[in-house]
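# What the coordinates show
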Amino acid sequence: PQKRVLTVTGQGEVHGAPDQAMLSAGVVTTARTAADALKDNAKAMNAVFATLKRAGIADKDMQTSDFSVQPQYETDRNGNTSRDITGYRVANTVNVRVADLAKVGPTLDALVASGANSIGDIAFTIKDPKPLMEKARAEAVADAVARAQTLARAAGVPLGPIVSISEGGYSPPRPMYRMAVMAEASAPTPMAAGEESVTAGVNITWAIR
């Protein structure tokens, strides 16, 4: 005979405050020759790296993410591009991890002051999301148990032992992005990290006595 079972899906969600930020900063330079564009870019990027180190950013928290040298072509007033090269554009971008959120705004201001003219979005993240994931899974199980008990009472059947448990998937913290603001030296850049959520799901099957 077919076994009588009750299968329930439980959901759990917990929230946590981000404790680190990821940002990108770089320098874009143009010049008549590729050599001059590279020279100007290298000088500006050295100033950017020096600023990051003075802000307390460790070498392991800095990584070059993009570097390109592209020729620039002449365009007429109709927007048509010719084959004549008018100069070269060099872009160099570094990804930075800031462990102290209080330093995010001042670091951005210092980068802009040092010559960084390309600032990307800022991602606020949680360095170690495992404790949040554990709580979300525990809440998912508790939710599944409560649902099963409610359904069993409504159906007038007694629950037996648990037959199977499987994780129905979970969602780790997703980085929260904020647009970087080019601030004046006299007006520090304000930052709001907000909070992130972690969700988990579980499928539990009970035998019905």
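Residues numbered from 1 in each chain as written. Predicted model: local features only at pLDDT ≥ 70, side-chain atom pairs only at ≥ 80, totals over all residues. Heavy atoms only, no water.

### Some words on the side chain of T93
What counts here: For the purposes of this entry, the term helix denotes a DSSP run of H or I that reaches at least four residues, the term strand denotes a run of E that reaches at least two, and both are numbered from the N terminus. Residue contacts are counted whenever heavy atoms from the two residues lie within 4.5 Å of one another.
Mapping T93 onto the fold places it in strand β4 (residues 81-98). Setting aside residues up to four positions removed in sequence, T93 forms contacts with S24, A25, G26, Q63, T64, S65 and D66.

### A look at the sheet that holds strand β8 (residues 196-208)
Where strands meet in a sheet, backbone hydrogen bonds hold them as pairs that are either parallel or antiparallel. To be explicit about the condition: When DSSP finds two or more bridges between two strands, those strands count as paired. Structural elements are reduced to axes, namely lines fitted to C-alpha atoms, with helices fitted over the stretch in contact, and the angle between N-to-C directions of any two is expressed from 0 to 180 degrees.
Taken in spatial order, the three strands line up as β1-β8-β6 in an open sheet, and their pairing is antiparallel. Of all the strands in the sheet, the pair left with one neighbour each is β1 (5-16) and β6 (159-171). On average, adjacent strands in this sheet sit at an angle of 20° to one another, irrespective of strand direction. Across twelve bridges, the pairing between β1 and β8 is antiparallel. The residue bridging V14 from the neighbouring strand is V198, located in β8. Each of β1, β6 and β8 touches helix α3 (residues 130-155); the most contacted strand, β1, lies at about 145° to it.

### Brief notes about the packing of helix α1 (residues 34-54) against helix α2 (residues 104-114)
Put simply, the test is: Any angle from 65 to 115 degrees is called roughly perpendicular, while one under 35 is roughly parallel, one over 145 is roughly antiparallel, and all others are oblique. Two helices crossing with the near one rotated counterclockwise from the far one by less than a right angle form a left-handed crossing, whereas a clockwise rotation gives a right-handed crossing.
As a packed pair, α1 and α2 sit with axes 9 Å apart at the nearest point and diverge in direction by 155°. Here α1 is positioned roughly antiparallel relative to α2, judged by the angle of their axes. Here the hand of the crossing between α1 and α2 comes out right-handed. Touching A47, V48, T51 and L52 of α1 are T107, A110, L111 and S114, all from α2.

### Examining the environment of L6
Here L6 lies in strand β1. Distance from L6 to L151, taken between C-alpha atoms, is 8.7 Å for residues 145 residues apart in sequence. Once residues lying within four places of it in the same chain are set aside, the contact partners of L6 are A148, L151, A152, L159, I204, T205, W206 and I208.

### Focus: the environment of I165
Where we set the bar: Each residue is placed in one exposure class: buried if its accessible area under a 1.4 Å probe, protein chains only, is under 20% of its type's maximum, exposed if it is over 50%, and partly exposed if it falls in between.
Inspection of the secondary structure puts I165 in strand β6. Judged by relative accessible area, I165 falls into the exposed class, the value being 55%.

### Description of the nonpolar core
Defined as follows: Joining through side-chain atoms within 4.5 Å is the link that ties buried Ala, Val, Leu, Ile, Met, Phe, Trp, Tyr and Cys residues into a set, and such a set is a nonpolar core.
Grouped together as the largest cluster of nonpolar side chains are 21 residues, with contacts concentrated most on L23, V48, L52, V96, V104, L111 and I122. Of all elements in the fold, only β2 (20-31), α1, β4, α2 and β5 (118-125) reach the threshold of two or more residues within this core. When neighbours within four sequence positions are excluded, L23 is seen to be in contact with V94, N95, V96, V98, V104, L108, L111, D121 and I122. Residues A140, A144, I204 and W206 belong to the second largest nonpolar core, which totals nine residues.

### Some details on the pattern of salt bridges
Put simply, the rule is: The working definition used for a salt bridge is a side-chain nitrogen of Lys or Arg within 4 Å of a carboxyl oxygen of Asp or Glu.
This structure, assessed with the given rule, holds five salt bridges. Its salt-bridge partner being R137, residue E167 comes within 2.6 Å of it at the nearest N-O pair. Of this pair, E167 sits in strand β6 while R137 sits in helix α3, placing them 30 residues apart in sequence. On the accessibility criterion, R137 (31% relative accessible area) is partly exposed. Between R147 and D143 there is a salt bridge, with the nearest N and O atoms lying 3.1 Å from each other. In this pair, R147 and D143 both sit in helix α3, four residues apart, roughly one turn of the helix.

### Looking at α2
Along an α-helix, residues three or four apart share an orientation, since each turn contains 3.6 residues. Every buried residue belonging to α2 is among V104, G105, T107, L108, D109, L111 and S114, and all of these are buried. Where α2 is buried, its residues touch β2, α1, β4 and β5. In the segment just after α2, G115 is the residue with positive phi, at about 120°.

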